[in-house]
Amino acid sequence: MSNITIYHNPACGTSRNTLEMIRNSGNEPTIIYYLDTPPSRDELLTLIADMSISVRALLRKNVEPYEQLGLAEDKFTDDQLIEFMLQHPILINRPIVVTPIGTRLCRPSEVVLDIIPEPQKGAFTKEDGEKIVNDAGKRMNQEK
């Protein structure tokens, strides 16, 4: 085990790619399947603060509860948005990764490379075929 935690949804390609990049650095993270074990209100607030993002920035927009609840409207307080995420964890965007270097919403998945303490051990290609890390373990085109 390492001191890295990922809030993971195995049905999500971005989350799977992020997890594999963590493993490609030689780390086996603590995996929190956040749909089964959602963070508490305090944990969620800490993650948001540690990522230095707004509550709204963590909302996942392309899921059914977002439209049903009318969350596109700018009429909800941060507390109300947090409550919706706690009631419907699918509204929490993912993957969120916590390391000693920082906490990030890893979208796109290669954002995780900015906060993993150890270098990549070898090449990494995302599920869609995009090469992210070369054979020497070096990050490829950082401009995207």
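Residues numbered from 1 in each chain as written. Predicted model: local features only at pLDDT ≥ 70, side-chain atom pairs only at ≥ 80, totals over all residues. Heavy atoms only, no water.

Mind laying out unusual backbone geometry, listing which residues take part and the relevant values?
With an omega dihedral of 0°, the bond running from Arg94 to Pro95 counts as a cis peptide bond. Looking at the secondary structure, you find Pro95 in the loop between helix 4 (78-87) and strand 3 (96-98). Backbone torsion omega between Arg107 and Pro108 reads 0°, so that peptide bond is classified as cis. Along the polypeptide, Pro108 turns up in the loop between strand 4 (103-105) and strand 5 (124-125). One non-glycine residue, Ser52, adopts positive backbone phi at about 55°. Among the secondary structure elements, Ser52 is positioned in the loop between helix 2 (41-51) and helix 3 (64-68). A relative accessible area of 67% places Ser52 in the exposed class. (Helix = DSSP H or I, 4+ residues; strand = E, 2+ residues; numbered from the N terminus. Buried < 20%, exposed > 50% of the residue type's maximum accessible area, 1.4 Å probe, protein only.)

Go over the pattern of salt bridges with me, naming the residues and quoting the values.
As enumerated under the stated definition, the model contains 8 salt bridges in all. Note that Lys126 is salt-bridged to Glu110, the shortest N-O span being 2.9 Å. Placement of Lys126 in the loop between strand 5 and strand 6 (131-133) and of Glu110 in the loop between strand 4 and strand 5 is noted, with a sequence separation of 16 residues between them. For Lys126, a relative accessible area of 11% gives the class buried. (Salt bridge = Lys/Arg side-chain N within 4 Å of Asp/Glu carboxyl O.)

Explain the packing of aromatic side chains residue by residue, including any values.
According to the stated counting rule, one finds 1 aromatic pair in the structure shown. Measuring from centroid to centroid gives 5.3 Å for Phe76 and Phe84, while their planes differ by 90°, and the two rings are edge-to-face. Residue classification places Phe76 among the buried positions, given a relative accessible area of 15%. (Phe/Tyr/Trp six-rings, centres within 6.5 Å; stacked < 30°, edge-to-face > 60°.)

Please give an account of the side chain of Lys126 that cites residues and values.
Side-chain polar atoms of Lys126 contact the side chain of Glu110, separated by 2.9 Å. The contact partners of Lys126, leaving out residues within four places of it in the chain, are Asn17, Pro108, Ser109, Glu110 and Ile132. (Polar contact = N/O pair within 3.5 Å; in protein donor to acceptor, adjacent residues only side chain to side chain. Contact = heavy atoms within 4.5 Å.)

Summarise the state of the cysteines; cite the residues concerned and give the values.
Throughout this description, disulfide means a covalent bond between two cysteine sulfur atoms. Tallied over the full model, the rule gives 0 disulfides. Of the cysteine sulfurs around Cys12, a residue in no disulfide, the closest is that of Cys106, at 11 Å. Judged by its relative accessible area of 6%, Cys12 falls in the buried class. (Disulfide = S-S within 2.5 Å.)

I'd like a rundown of the side chain of Asn17, residues and numbers included.
For Asn17, the position within the fold is in helix 1 (residues 13-24). A relative accessible area of 7% places Asn17 in the buried class. With residues up to four places along the chain from it excluded, the contact list for Asn17 reads Ser109, Phe124, Lys126 and Glu127.

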